[in-house]
Amino acid sequence: MSSSDRTDPLVQDAASSLDGEGVAAVARLLRTFPARPRLLGLGEATHGEEALLELRNEIFRHLVEHEGYRSFALESDCLMGLAVDDYVETGTGTLDDVMARGFSHGFGGSAANRELMRWMRAYNEDRPAGERLRFFGFDAPLEMMGAAAPRQALTTLHGYLAAWLDADLLPCAADALDRLIGDGERWTNPAAAMDADQSVGQSTEARELRLIADDLVALLDAYTPHLIASTSRDEWWRASLHGRTATGLLRYHFWMADSSPARVWRLMALRDAMMADNLLAVAEHGPALVSAHNRHLQRDKSFWQLADMPLEWWSAGAIVSARLGDQYAFLASALGAMPHQALPAPHPGTVEGLLYTLPGNRSLIDARRLAAALAEAGRKPVPRTDISANYSYFALDPAHLGDNDGIVFVKDMPA
């Protein structure tokens, strides 16, 4: 019996191959959507797998060359990413330098990310500004065990406004701002991640900084016409990014200092809300491909069982989808077997198990079409449970299959 004979017919009807030159199937799927998405989310079921990122690169190149995409957004520090954008757009700096200092979460060490930045820079060579590709980090300056100090965001915003507005309009001078921020290490103390009492987020200085940040952002908004005319739209956009980051970081630090049971939930929700704000700003430069973990881009509510705490919050994708409607689309990724990460071939009754019957190694599935066909046939896939040895892999949720616009499936992941 051939592989195609074993393919589940419901899956076969909803699937297209992504092998060879098959990434054009993504563009064909996009044309079936009710509107052209300004943001196309392409999720990762797990971080750190180069084969997934290489496939992402192929898809992005096709979207650029054939579908007019001009922006790429990555789940990485939004402020660090400005150096990457400068390199990609104008050649400022070197590739080695931006890979070392332009990415958070270790993403700068990825060979696939490096190759994509090299390709984007080569694409932009000798092209006029309006046709160049742009890079955006859209995560907040946060890591698992802490948050950045607000110094860079606040002082950059303050400096921009001070250069173009009368000094008496500003809520404080630069030296007062620096005094209130103080030693940066007290903000980044990793002990604060587990102990609210170690956080400075509800100190007198931090509370005053929140008011100052709010006033600075209000000034930026109120003087938008003057500031754009005096500088440029892009400089104003970057100042807005620093403003969003300053207010978001100070809000995050405030809740790091909270000792109530809602503390962890608030921090998870605040991070995704900051991501969503940045993605909505990226949409102004759209259409853009957005690369992040499935859990940050999904439309359904995120859930995490942390010890005895069941945590639920809305992901960045859910927030953006609610705001943009049909102009947001999401392709989740899913994996079959990944032996080097102790992930076996999936059980036939799971969604991944159904997809595993497809003949090729890389496939694109119309998720809504598959969900409707399964419902009509009265078939209910069960959740995948063979992932206990690999907590970094997040299986597809059969109950929310139809909330995805598509699924990028890799059958057998190479080591």
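These numbers were taken from a predicted model, which means no experiment stands behind them.

In this section: the overall build of the chain. A tally of helices and strands in the chain yields 17 helices and twelve strands. Taking 22 Å as the expected radius of gyration for a compact globule of 415 residues, we find that the chain reaches 23 Å, a close match to that expectation. Seen through its C-alpha atoms, the chain measures out along the principal axes to roughly 80 × 55 × 40 Å. Long-range pairs, those at least 24 residues apart, make up 78% of the contacts in the chain with a sequence separation of at least 6. For the chain, the accessible area works out to roughly 17,900 Å², and carbon and sulfur atoms hold 53% of it. Distance from the positive charge centre (38 side chains) to the negative charge centre (56 side chains) of the chain: 3 Å.

In terms of domain boundaries, the chain breaks down into domain 1 (9-143 + 276-412) and domain 2 (147-272). If you average the C-alpha positions of domain 1 and of domain 2, the two centres end up 30 Å apart. Taken together, the contact between domain 1 and domain 2 spans 30 residues of the former and 20 residues of the latter. Roughly 2,100 Å² of surface becomes buried between domain 1 and domain 2 when both sides are summed, with 61% attributable to carbon and sulfur atoms. A per-residue breakdown of the area domain 1 buries against domain 2 is headed by Leu79, Leu142 and Trp313, which together make up 29% of the total. Residue Glu75 is joined to Arg271 by a salt bridge in which the shortest nitrogen-to-oxygen separation is 3.6 Å. In this structure, the connection of domain 1 to domain 2 is made through 13 residue pairs in polar contact (both at pLDDT 80 or more). Residue assignment for the side of domain 1 that touches domain 2 shows that the elements contributing at least two residues are helix 5 (81-90), strand 4 (134-139), helix 13 (263-282), strand 8 (302-306), strand 9 (309-313) and helix 15 (316-324). Taken together, the residues of the side of domain 1 that touches domain 2 sort by class into 17 nonpolar, five polar and eight charged.

Thresholds applied
Residues numbered from 1 in each chain as written. Predicted model: local features only at pLDDT ≥ 70, side-chain atom pairs only at ≥ 80, totals over all residues. Heavy atoms only, no water. Helix = DSSP H or I, 4+ residues; strand = E, 2+ residues; numbered from the N terminus. Rg over C-alpha atoms; globule rule 2.2 N^0.38 Å. Contact = heavy atoms within 4.5 Å. Areas by Shrake-Rupley, 256 points an atom, 1.4 Å probe, with all protein chains shown as cover. Lys, Arg positive; Asp, Glu negative; His and termini not counted. Charge placed at Lys NZ, Arg CZ, Asp CG, Glu CD. Domains from an automatic or database assignment. Buried area = accessible area lost by both parts, 1.4 Å probe. Salt bridge = Lys/Arg side-chain N within 4 Å of Asp/Glu carboxyl O. Polar contact = N/O pair within 3.5 Å; in protein donor to acceptor, adjacent residues only side chain to side chain. Nonpolar A, V, L, I, M, F, W, Y, C, P; charged D, E, K, R; others polar.

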